[in-house]
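# Overview (structure and organization)
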Amino acid sequence: MSAASAEHVGARRAGTSRGLAAWLIVLVAVLAAGVGVWIYQYIRGLQITHMRDNVIWGLYIITFMYLVGLSAGGLIVASSGRLFGVERFKPIVRLAVLEATVAIAMAAVMILPDLGRVDRVLNLFIHPHFLSPMIWDVTVILIYLVLSLTYVWLYTRRDLAARGSWLALGTRDTSEAARARDERTTYRLAWVALPAAVLVHSITAWIFGLQISRGFWYSSIMPPLFVTSALVSGLALVIILALVVRRFERISFDNGLVSYLGGMLAVFVAVEGFLVFCEVLAGYYPGVTTDASRQLFTGRYGPGFLGVEVTAGLIVPFILMAFASLRRRPAIVALASVLALIGIYAHRGNLIVIGLGKAPIQLAPGTPLGTPQASGSDFAMSSVYFPSGYEIVIVAGMFALAALLFTIGVWVLPLKEKGHGAGGSQADG
Amino acid sequence: MTAEGATTYPGIDEVHPDLLKATRLGMVIDQQKCIGCWTCSVACKEENDVGIGLYWLRVLTVGGDNIDVPSGTFPDLALEYQSTNCFHCDNPPCVKACPVSATYKMPNGIVTVNWDRCIGCRYCMVACPYDNRVFNWRKPVQDPPASLVEVGNVPPRPKGVVEKCTFCEHRVAKGLEPRCVVACPVGARVFGDLDDPNSEVSTLLRERPSYVVFPEKGTKPSVHYLMRFSPNVAGGES
């Protein structure tokens, strides 16, 4: 290596570390703002949100579902690649497992600001009521979190030990035989992790799908729909993160993998679209004008459903990823992934807001809102929900924490598989 | 009996020993009698120190799109009221949903909330098909302050927990009827044991046609509405 090019690399390293420092400062600042508002919310109560007795759940639960989906999707992609011997996934498996771990940890945290009495959260373990789908969810999320952490450790511990890092947690053997043993262990673990990932989002779906009180939710299609949307959003996020992390040379893979993942995204998006269609048709066909599915096309929820969820989130990514020529361009795959991520977030939002928006007993004056209103009635027959600034800042803080954990993970953990080492060919797929 | 030294009101404080033996307390509300005056709702607020903006009991208008507005076109108008509080279902979805058993069914059939255990997740409110539960979005504010109100000694609720009608379990424990029942100026509300065939509620349900809200949800509400003598449909007989 010539002196000049070494200097060039050195300058780029310095630029990267400056950029990293700025990135970390931004994340810590957003996180601090989120924590600050959360403390304010703890003092004032949930009145500072725009949730009320009509729309009882809001952005916190929407984001919780989203994070569970991101996690389940990431792990399903990683473990199915492992199980079914899709060798080409290898360079991104560690990244996908790290993504799944951070997302599920953040999902567990995301529940907390939604609780009116977060100081009593341990009641979930002291007085669990096992008929409640929420207890099923708490249980499976904690099991799944332990599973994900185990996965991350198993995948990285030999390389960590080789570096002499304490994060290897006592692992010293870095021989090829030990690596081969870990290889087999991760394979066996994938047999548990794959169903666990499917289960974690199915149970989250049952929190909604088992409630006969809300017609829009009470449907057996909810778990398949949730698992599919998890695959869409989880894969989309893994694609984006993989492309970003590759730029910083923490992992390497060729563009053939990107276009392969883009093809998978097209398939997942198509299945998601099919399930959404099934759900909407079943709601629409009987011609019951009060059915919540009627609200999807016209009025205030039309843009969110037809515009964001269906057009931007399903149709456009599908068209983009259906053409091999477009799939070959990583920028287009990234665009489709971003759109799919937005679409699934909109799907979560529509589900909550439309499912809860109308008072179930449609008799005037409706449901009491729970706080006196400055103008108008203390009751409402139907409500528009849009999160308050406080809710948005708290959720932004949670996303910043997720990004912080992920960034630290990327910098601390060896994400490159041995044998997929330096360089990274740029061969087209 | 009210607190020591307080006035005793003959109507309010009449003891019904049968209530102490009840296994499925329920209520029958006579649609023929209800005049939609909201006295039950106000009495409930007073008895249970329910904060401003929260309602354990609301009077819904069965008619037009707005409160107190009839349906139909003059002169063929129809109007009735559906005084609505927790239905204390026999198959309560809220009890199933609660992750910490903070809401539960008592042996006498009352569905109640343990305010000291509730974590404020509001899953019970999602599970209730009737929106009969309310949440303390802030520290509850009583106006007039609870200390100025002579009746009612229900413990105060902190912010961040769910609350709802308890059939005045603190009164029932002394053999007293819920406050809305004794407060109703037209006697539209009748309270008693649905498991006792000789109780007034059981007798009324045998003798008069009645309905419950959303029977198709299978929740088996313990609050029944006695139908009006003439069907209340726009253009129907007055």
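Residues numbered from 1 in each chain as written. Chains lettered and ligands numbered in written order. Predicted model: local features only at pLDDT ≥ 70, side-chain atom pairs only at ≥ 80, totals over all residues.

## Overview of the overall build of chain B
- A tally of helices and strands in chain B yields seven helices and 12 strands.
- Within chain B, the fraction of its 238 residues that count as buried is 47%.
- Summarising the internal contacts of chain B: among those between residues at least 6 apart in sequence, 67% fall at separations of at least 24. (Helix = DSSP H or I, 4+ residues; strand = E, 2+ residues; numbered from the N terminus. Buried ≥ 20, exposed ≤ 12 C-beta atoms within 10 Å, placed from the backbone. Contact = placed C-beta atoms within 7 Å.)

## So, the overall build of chain A
- Looking only at helices and strands, chain A has 12 helices and two strands in total.
- The order of helices and strands in chain A, counted from the N terminus, is α-α-α-α-α-α-α-α-α-α-α-β-β-α.
- In terms of overall dimensions, chain A is globule-like: its C-alpha atoms have a radius of gyration of 23 Å, near the 22 Å expected for 429 residues.
- In terms of its C-alpha atoms, chain A occupies a principal-axis envelope of roughly 80 × 50 × 45 Å.
- Burial status across chain A gives 46% buried among its 429 residues.
- Excluding contacts between residues fewer than 6 apart, the proportion of contacts in chain A whose partners are at least 24 apart in sequence is 80%. (Rg over C-alpha atoms; globule rule 2.2 N^0.38 Å.)

## A closer look at the interface of chain B and chain A
- Counting residues at the interface gives 44 residues for chain B and 40 residues for chain A.
- Counting only elements with at least two residues in the side of chain B that touches chain A, the list comes to strand E2 (57–62), helix H3 (93–97), helix H4 (123–127) and strand E8 (133–135) of chain B.
- Looking at side-chain class alone, the side of chain B that touches chain A contains 26 nonpolar, eight polar and 10 charged residues. (Nonpolar A, V, L, I, M, F, W, Y, C, P; charged D, E, K, R; others polar.)

## Some details on the nonpolar core
- By size, the foremost hydrophobic cluster in this structure holds 179 residues, and its most contacted members are Leu95(A), Leu235(A), Val238(A) and Leu265(A).
- If we skip the residues at most four places from it in the chain, Leu265(A) touches Leu235(A), Ala236(A), Pro317(A), Met321(A), Ala336(A), Ser337(A) and Ala340(A). (Core = buried A, V, L, I, M, F, W, Y, C linked by C-beta atoms within 7 Å.)

## Quick look at the confidence of the model for chain A
- Mean pLDDT over chain A works out to 89, with 94% of the residues at or above the 70 mark.
- Here helix H1 (residues 3–44) of chain A stands out as the element of chain A with the lowest mean pLDDT, 84, in contrast to helix H4 (residues 123–126) of chain A, whose mean of 97 is the highest. (pLDDT = per-residue confidence, 0-100.)

## Section: the environment of Phe226(A)
- Inspection of the secondary structure assignment puts Phe226(A) in helix H7 (residues 222–247).
- Those residues in contact with Phe226(A) that lie beyond four places of it in its chain are Gly69(A), His201(A), Ser202(A), Thr204(A) and Ala205(A).

## Let's talk about the pairing of strand E10 (residues 189–193) of chain B
Residue and element names in this part refer to chain B.
- Within E10, five of the five residues are buried, which leaves it mostly tucked inside the rest of the structure.
- Across five bridges, strand E1 (residues 25–30) lies against E10 in antiparallel orientation. Looking across to E10, one finds that Gly26 is bridged to Gly192. (Pairing = 2+ DSSP bridges.)

## Let's talk about the sheet that holds E1(B)
- The sheet built from four strands is open, its strands ordered E10-E1-E12-E11 (chain B) with mixed pairing. In the strand order of this sheet, the two ends are held by E10 and strand E11 (210–211) of chain B, each with one partner.

## Observations concerning the packing of helix H2 (residues 59–83) of chain A against helix H3 (residues 90–110) of chain A
Residues and elements named next belong to chain A.
- The N-to-C vectors of H2 and H3 enclose an angle of 155 degrees; their axes lie 8 Å apart at closest approach. The orientation of H2 with respect to H3, classified from their angle, is roughly antiparallel. Once H2 is placed against H3, the crossing between them reads as left-handed.
- Along the lines of polarity and charge, the residues of the contact of H2 with H3 split into 17 nonpolar, four polar and two charged. (Axes fitted to C-alpha atoms, helices over the stretch in contact; angles between N-to-C directions. Parallel < 35°, antiparallel > 145°, perpendicular 65-115°, else oblique. Left-handed = near helix turned anticlockwise from the far one by under 90°.)

## Points about unusual backbone geometry
- Put simply, Ala364(A) and Pro365(A) share a cis peptide bond, and its omega is 0 degrees.
- With respect to the helices and strands, the residue Pro365(A) is situated in the loop between helix H11 (330–357) and strand E1 (367–368).
- In this model, Phe74(B) is joined to Pro75(B) through a cis peptide bond whose omega is 5 degrees.
- Relative to the helices and strands, Pro75(B) is located in the loop between strand E3 (71–73) and strand E4 (76–78).
- A positive phi angle, near 70 degrees, is found at Arg122(B), a position not held by glycine.
- Along the chain, Arg122(B) turns up in the loop between strand E7 (111–113) and H4.
- Even without being a glycine, Cys168(B) presents a positive backbone phi close to 50 degrees.
- Within the secondary structure, Cys168(B) is located in the loop between strand E9 (162–164) and helix H5 (169–172).
- A count of 25 C-beta atoms within 10 Å places Cys168(B) in the buried class.

## Quick notes on the packing of helix H8 (residues 255–284) of chain A against helix H9 (residues 302–322) of chain A
All names here are of chain A.
- Put simply, H8 and H9 touch, their axes get as near as 8 Å, and they point 145 degrees apart. Relative to H9, H8 is oriented so that their crossing is left-handed. Residues Gly262, Gly263, Leu265, Ala266, Val269, Ala270, Glu272 and Gly273 of H8 lie in contact with H9, whose contacting residues are Leu314, Pro317, Phe318, Met321 and Ala322.
- Looking at the contact of H8 with H9 residue by residue, the classes come out as nine nonpolar, three polar and one charged.

## Focus: the environment of Ser202(A)
All names here are of chain A.
- Tracing the backbone shows Ser202 in helix H6 (residues 176–209).
- A C-alpha to C-alpha distance of 6.6 Å links Ser202 and Phe226, two positions 24 residues apart in sequence.
- Residues in contact with Ser202, not counting those within four places in the same chain, are Pro223, Phe226 and Val227.

## Looking at helix H5 (residues 133–163) of chain A
All names here are of chain A.
- Here H5 contains 31 residues, and its C-alpha end-to-end distance of 44 Å stays within 8% of the 45 Å for a straight helix at 1.5 Å per residue.
- Taken as a whole, H5 carries its principal kink of about 50 degrees at Thr156.
- Of the residues flanking the end of H5, it is Gly164, one or two places downstream, whose phi is positive at about 80 degrees. (Expected span 1.5 Å × (residues − 1). Bend = angle between axes of the 7 residues up to and from the residue.)

## Some words on the environment of Met65(A)
Residue and element names in this part refer to chain A.
- Within the fold, Met65 resides in helix H2.
- Owing to 28 C-beta atoms within 10 Å, Met65 belongs among the buried residues under this scheme.
- As a C-alpha pair, Met65 and Ile111 span 46 residues in sequence and 9.6 Å in three-dimensional space.
- Those residues in contact with Met65, other than ones at most four positions away along the chain, are Thr204 and Arg348.

## Let's talk about H7(A)
Residue and element names in this part refer to chain A.
- Here H7 spans 37 Å end to end across 26 residues, near enough to the 38 Å set by a 1.5 Å rise per residue.
- Counting buried positions along H7 yields 20 of 26 residues, so the element is predominantly enclosed.
- One or two residues past the end of H7 sits Glu249, with phi positive at roughly 60 degrees.

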